[in-house]
Amino acid sequence: MKRIICTALLLTGLSGCVVAPGMRMSSNTTLPITDSGKGNVPLQLNVPIQEINLSMLQQRRDDPALLPAQDIAPLLGSRSEPYLIGPGDVLQITVWDHPELASAESGSSQGGTTQRPADPAAGFIVNSSGDVQFPYVGQLKVAGKTADQVQKELGTSLTFFKNPQITVRLASFRSKQVYVEGEVRIPGVQAINDVPMTLYEAIDRAGGLQPTADQSRLVLIRDGKSYPIDMTAMLDQKISGSQIVLKNGDVLRVTSRDQNGVYVMGEVIKPTFATPLRDGTLTLSDALSQAGSLNNASADAHQVFVIRARTPETPEIYHLDAESPIAMVLANQFQLQPKDVVYIDGNGLVRLSRVLSLLLPAINAGMTGVVVAK
């Protein structure tokens, strides 16, 4: 009787291996996935398993629909323009041979007080209406004009002096600014001055990119709209970052590589969250390398999977037979995307060991019950 019970339990457990994870899959296999649909009605999706091979990789390279989306055309049309004075700017106005007019300047430290970094430079501050107050001229509208235009108007307005020699320059640029945040060394506000604020210029003024920055996933926010920027793809397309000129109020965000990694789990040396390289790329071989490669004792090299969820309704599953001689060549060309899941299944011995580890307690309990019954 005891022998019959043990045999029945063992056959029942081993029958579960038929549907255990790790069964051989190919491009003709479909994986049923059950999900709750509308109204909590179960919805079953048959997801095909796509084989990673040379023809599939070539097809993906040739398919424009599978290339990373990067709509930066609206950003390339802008051109740098002469700096126009605005409220908050500080002008330095010099009338030669008349140093007494400089006493009307504001912003200079007086009485020995120390000037703070946030204080404006010495000069004539443009008020909120876009005007400056200058001796013998009164209120002069300067907003929206260049320094050369203001210089000519002052020369015409200073009728109290004969042929005045005037110089007008910007002492402090404060009316226009952009915001650079994220993985840069000095995040914060960057003032726009007479040097065109290009993409490269903004990053340089922010101290450059941090080692953790993802160069392929920058975001420029302008007028409430976000523009993804892939600097790596731009260089491949012979597009320079100097062709993108930032405007007043723009926000440039540099994302971290830690936000765009993939999960590597299963029979690897060290399950990990693999992060992209500095240029934002991450291949299947890169991810496996960061996980310490496959575990030789437990991994089934025939069963390497990449699970990708473009949307909850259209997941994608890719299969790689890593025992193939060209497997690492294929893995080095297969580009992963953020939040992909790389899963390496266990071999037959590992699956059998796990099944037995579940069965043995039940078998021992059954045998104990038989002994007690006797």
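A brief look at the structure comes next. Since the structure is predicted, the reported quantities are computational estimates derived from the model, not experimental observations.

**Things to note about the nonpolar core**
In this structure, Ile 52, Val 264, Leu 284, Phe 334, Leu 336, Val 342 and Ile 344 are the most contacted members of the largest nonpolar core, which totals 27 residues. Contributing elements (two or more residues each) for this core: α2 (54-62), β13 (262-266), α7 (284-290), β15 (299-309), β16 (315-320), α8 (327-333) and β17 (341-346). Tallying contributions element by element places β15 first for this core, with 4 residues. When sequence neighbours within four positions are dropped, the list of residues in contact with Ile 52 reads Leu 284, Tyr 318, His 319, Leu 320, Leu 330 and Phe 334. Val 184, Ile 192, Ala 213 and Leu 246 belong to the second-largest nonpolar core, a separate cluster that totals 23 residues.

**Considering the packing of aromatic side chains**
Enumeration over the complete set of coordinates arrives at 7 aromatic pairs. When the ring of Tyr 136 is compared with that of Phe 161, the centres are 5.4 Å apart and the planes differ by 90°; the resulting orientation is edge-to-face. Of the two residues, Tyr 136 is situated in the loop between β5 (131-134) and β6 (138-141) and Phe 161 in the loop between α4 (147-157) and β7 (166-172); the sequence distance between them amounts to 25 residues. On the accessibility criterion, Phe 161 (12% relative accessible area) is buried. An aromatic cluster is present here, built from Tyr 136, Phe 160 and Phe 161 joined pairwise through their rings.

**Some words on the sheet that holds strand β9 (residues 188-191)**
Spatial strand order, β9-β8-β12-β10-β11: 5 strands in an open sheet with mixed pairing. At either end of the open sheet lies a strand with only one pairing partner, and these are β9 and β11 (225-229). Strand-to-strand twist of the sheet, defined as the mean angle between neighbouring strand axes without regard to direction, takes the value 25°. Sheet topology note: the strand β8 (residues 177-182)/strand β12 (residues 251-256) ladder contains 4 bridges and is parallel. Paired with Val 180 across the bridge in β12 is Leu 252.

**Some remarks on a nonpolar patch on the surface**
On the surface, a cluster of nonpolar side chains totalling about 250 Å² of accessible area is made up of Leu 54, Ile 326 and Val 329. Position of Val 329 relative to the elements: it lies in helix α8.

**Description of the sheet that holds strand β4 (residues 124-125)**
In space, the 3 strands of this open sheet follow the order β4-β3-β7, with antiparallel pairing throughout. Single-partner strands in this sheet number two, and they are β4 and β7. Note that strand β3 (residues 90-95) and β4 share 2 bridges and pair antiparallel. Counted as the bridge partner of Leu 91 is Phe 124 from β4.

**Section: the environment of Asp 340**
As for its placement among the helices and strands, Asp 340 is situated in the loop between α8 and β17. Taking relative accessible area as the criterion, Asp 340 reaches 2% and is therefore assigned buried. Residues Asp 340 and Val 264, 76 residues apart in the sequence, show an inter-C-alpha distance of 8.6 Å. Setting aside residues up to four positions removed in sequence, Asp 340 forms contacts with Gly 261, Val 262, Tyr 263, Val 306, Ile 307 and Arg 308.

**Brief notes about the pattern of salt bridges**
Scanning the model with the defined rule gives 7 salt bridges in all. Of the charged contacts, one joins Arg 253 and Glu 181 as a salt bridge, the two residues approaching to 4.0 Å between their closest N and O atoms. Pair noted here: Arg 253 is in strand β12 and Glu 181 is in strand β8, with a separation of 72 residues, a long-range link. Its salt-bridge partner being Arg 205, residue Glu 201 comes within 2.8 Å of it at the nearest N-O pair. In this pair, Glu 201 and Arg 205 both sit in helix α5 (residues 199-205), 4 residues apart, roughly one turn of the helix.

Calculation notes
Residues numbered from 1 in each chain as written. Predicted model: local features only at pLDDT ≥ 70, side-chain atom pairs only at ≥ 80, totals over all residues. Heavy atoms only, no water. Core = buried A, V, L, I, M, F, W, Y, C linked by side-chain atoms within 4.5 Å. Buried < 20%, exposed > 50% of the residue type's maximum accessible area, 1.4 Å probe, protein only. Helix = DSSP H or I, 4+ residues; strand = E, 2+ residues; numbered from the N terminus. Contact = heavy atoms within 4.5 Å. Phe/Tyr/Trp six-rings, centres within 6.5 Å; stacked < 30°, edge-to-face > 60°. Pairing = 2+ DSSP bridges. Axes fitted to C-alpha atoms, helices over the stretch in contact; angles between N-to-C directions. Patch = residues over 30% accessible without salt bridge, like charges linked within 9 Å, V, L, I, M, F, W, Y side chains within 5 Å. Areas by Shrake-Rupley, 256 points an atom, 1.4 Å probe, with all protein chains shown as cover. Salt bridge = Lys/Arg side-chain N within 4 Å of Asp/Glu carboxyl O.

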